[in-house]
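Chain and residue survey
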Amino acid sequence: MPAIHGVKSFNSLRSRADKINLGGHSLWVAQLADIIASKRAAGQPRDKAVLDILERTLHEKTKAP
């Protein structure tokens, strides 16, 4: 993947990512806000189709204690 729409650099994306353990392997997971920004910037129909649910999920996540 040479570039990610809406993201300035892989280093900046990774600096905000969460490292999780999945099946004994470490995996970096991008922040939901970064995923939303990328999908918005890409502007493809498949990206636009999921923006509403991603934005609602982020809203719910940020208001949770």
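The sections below set out a description of the structure shown in this document. Note that this is a predicted model, so its numbers are computed, not measured. (Residues numbered from 1 in each chain as written. Predicted model: local features only at pLDDT ≥ 70, side-chain atom pairs only at ≥ 80, totals over all residues. Heavy atoms only, no water.)

When you line up the elements, Asp 34 lands in helix α2 (residues 32–42). Overall, the relative accessible area of 11% leaves Asp 34 in the buried class. Asp 34 has contacts with Leu 13 and Arg 16, leaving out every residue within four places of it along the chain. (Helix = DSSP H or I, 4+ residues; strand = E, 2+ residues; numbered from the N terminus. Buried < 20%, exposed > 50% of the residue type's maximum accessible area, 1.4 Å probe, protein only. Contact = heavy atoms within 4.5 Å.)

All right, on to the pattern of salt bridges then. What the rule picks out here adds up to five salt bridges. For Asp 34, the salt bridge identified is with Arg 16, shortest N-O distance 2.9 Å. A residue pair is termed long-range when its members are at least 10 positions apart, and Asp 34 in helix α2 and Arg 16 in helix α1 (residues 10–16) qualify at 18 residues. Across the salt bridge formed by Lys 39 and Asp 47, the nearest N and O atoms sit 3.0 Å from each other. (Salt bridge = Lys/Arg side-chain N within 4 Å of Asp/Glu carboxyl O.)

A cluster of nonpolar side chains, contributed by Ile 20, Leu 22, Leu 27 and Val 29, occupies part of the molecular surface with about 310 Å² of accessible area. Every element with two or more residues in the nonpolar patch is listed here: β1 (18–22) and β2 (25–29). (Patch = residues over 30% accessible without salt bridge, like charges linked within 9 Å, V, L, I, M, F, W, Y side chains within 5 Å. Areas by Shrake-Rupley, 256 points an atom, 1.4 Å probe, with all protein chains shown as cover.)

Let us now look at the pairing of β2. The pairing of β1 with β2 spans five bridges and is antiparallel. Following the sheet pairing, Leu 22 is matched in β2 by His 25. (Pairing = 2+ DSSP bridges.)

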